[in-house]
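Survey of secondary and tertiary structure
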Amino acid sequence: MEAYELIRSRRRTLALEVTADGRLLVRAPLRCAQGRIDAFVTAHAAWIERHVKLQREKAARRPPAPTAAEIEVLKARAQTELPGKIAHWSEKMGVAPTGFRVTAARKRYGSCSAKNSLCFSCFLMNCPEEAVELVVVHELCHIREKNHGPGFYALLERYLPDWRERKKLLFMN
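Anyway, here's the lowdown on the structure attached to this text.

What counts and what doesn't
- Residues numbered from 1 in each chain as written.
- Predicted model: local features only at pLDDT ≥ 70, side-chain atom pairs only at ≥ 80, totals over all residues.
- Heavy atoms only, no water.
- Patch = residues over 30% accessible without salt bridge, like charges linked within 9 Å, V, L, I, M, F, W, Y side chains within 5 Å.
- Areas by Shrake-Rupley, 256 points an atom, 1.4 Å probe, with all protein chains shown as cover.
- Salt bridge = Lys/Arg side-chain N within 4 Å of Asp/Glu carboxyl O.
- Lys, Arg positive; Asp, Glu negative; His and termini not counted.
- Charge placed at Lys NZ, Arg CZ, Asp CG, Glu CD.
- Helix = DSSP H or I, 4+ residues; strand = E, 2+ residues; numbered from the N terminus.
- Buried < 20%, exposed > 50% of the residue type's maximum accessible area, 1.4 Å probe, protein only.
- Pairing = 2+ DSSP bridges.
- Axes fitted to C-alpha atoms, helices over the stretch in contact; angles between N-to-C directions.
- Contact = heavy atoms within 4.5 Å.

Concerning a positive patch on the surface
Where like charges cluster on the molecular surface, the positive patch consists of K58, R61, R62 and K107. When you line up the elements, K58 lands in helix 2 (residues 45–61). Exposure remark for K58: the relative accessible area of 39% places this residue in the partly exposed category.

Laid out in structure tokens, this is it:
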């Protein structure tokens, strides 16, 4: 049986999770018997083996994490390049963001707060120019449409009819 980390909580069911680094997490109800948990893990051994292998392969293909110096270079580049793009598209779209900042976020390239402040990941600078423009326009669309409903996509389509092709150019490091 694969070694696992047990997480008990106020849930009703047992669940398995294989993390990005290949660790196995088992989530269980507070009063679930250890024997039942072990039987659950054993019953799902094939699934576990397949997914642990898959995650470890993905981890091996991932490039090494950037150094602090590399992140600072990307942040500086973003601070230099993005304001011009934001200004250009803001004027074209008739919107006005209240602020702009650059972070080292790993899970998303951009966000727009409820107060219309934009935030971009420095890792966006690793993407092609067309993809960078897509993220800028996407976040500016959120100033008018706060969700990803039909109105949002109609607005995005109006300014970037090729947004679907551009989206394919995005990749997370």
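Read on for the rest.
A few points about unusual backbone geometry
Positive phi, close to 65 degrees, is recorded for N116, a residue that is not glycine. Within the element layout of this structure, N116 appears in the loop between strand 5 (110–112) and strand 6 (117–121). Overall, the relative accessible area of 18% leaves N116 in the buried class.

Overview of the sheet that holds strand 5
Taken in spatial order, the three strands make up an open sheet running 4-6-5, and their pairing is mixed. Only two strands of the sheet have a single neighbouring strand rather than two, namely strand 4 (99–103) and strand 5. The mean inter-strand angle of the sheet, taken between neighbouring strand axes irrespective of direction, is 15 degrees. When strand 5 meets strand 6, the two strands line up antiparallel, connected through three bridges. Within the sheet, the bridge partner assigned to S111 lies in strand 6 and is C119. Packed on one face of the sheet, helix 3 (residues 68–93) meets strand 4 and strand 6 and runs near 150 degrees to strand 4. Against the sheet, helix 4 (residues 129–144) engages strand 5 and strand 6, with an angle of about 15 degrees to strand 5.

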